[in-house]
Amino acid sequence: MEYVAVILPSLVVGLIFWFAMKAIFNADKAERQAEARAQAEADSLPARPADNPRPDSQ
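For clarity, every value in this text was computed on a predicted model and none was experimentally measured.

Chemist: Honestly, the overall build of the protein chain in this entry has me stumped. Any pointers?
Modeler: The number of helices and strands found in the protein chain is one helix and zero strands. Counting over 58 residues, the protein chain shows a buried share of 0%. For the protein chain, the exposed surface amounts to about 5,800 Å²; the carbon and sulfur share of it is 64%.

Here it is as structure tokens:
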């Protein structure tokens, strides 16, 4: 039983670290997917010329 008391804190800290890193990587993955979807949507829209690109050119 002494071995469990010695190893248990390390295991708990390791599991907390693992869950935290998993959450961070999943959030990063979701953010990259959302950015890719937004970029694909922006690329699929036709480019519109600006109404007045140079205000001093009248």
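Chemist: Looking at this structure, how should I read the pattern of salt bridges?
Modeler: Close approach of charged atoms allows side chains with opposite charge to pair. In the structure shown here, the tally under the stated rule is one salt bridge. For Arg32, the salt bridge goes to Asp28, with nearest N and O atoms at 3.0 Å. In this pair, Arg32 and Asp28 are both assigned in helix H1 (residues 2–44), four residues apart and thus about one turn of the helix distant. According to the relative accessible area criterion, Arg32 is exposed, its value standing at 51%. Judged by relative accessible area, Asp28 falls into the partly exposed class, the value being 34%.

Chemist: What is the right way to read a nonpolar patch on the surface from this model?
Modeler: Taken together, the side chains of Met1, Val4, Ile7, Leu8, Leu11, Val12 and Ile16 present a nonpolar region at the surface, about 720 Å² in accessible area. Mapped onto the fold, Leu11 is located in helix H1. With relative accessibility at 47%, the residue Leu11 sits in the partly exposed group.

Cut-off values and rules
Each chain carries its own residue numbering, running from 1 in the written order of its sequence. Restriction of local features to residues with pLDDT of at least 70 applies here, the model being predicted, together with a cutoff of 80 or more for giving and counting side-chain atom pairs; totals for whole chains, interfaces and linings are based on all residues. By convention in this description, side-chain values take in all heavy atoms of the structure and omit both hydrogens and water. Every helix listed is a DSSP run of H or I at least four residues long, and every strand listed is a run of E at least two residues long, numbered separately from the N terminus. Buried, partly exposed and exposed residues are distinguished by accessible area as a fraction of the type maximum, computed with a 1.4 Å probe on protein chains only: under 20%, between the cut-offs, and over 50%, respectively. Each accessible area value is a Shrake-Rupley result obtained with a 1.4 Å probe; residue values ignore everything except the protein chains displayed when judging cover. We define a salt bridge as a side-chain nitrogen of Lys or Arg found within 4 Å of a carboxyl oxygen belonging to Asp or Glu. Residues forming no salt bridge and having over 30% relative accessible area are the ones grouped into patches, like charges within 9 Å of each other and nonpolar side chains (Val, Leu, Ile, Met, Phe, Trp, Tyr) within 5 Å.

By themselves, these figures tell us nothing about what the structure is for.
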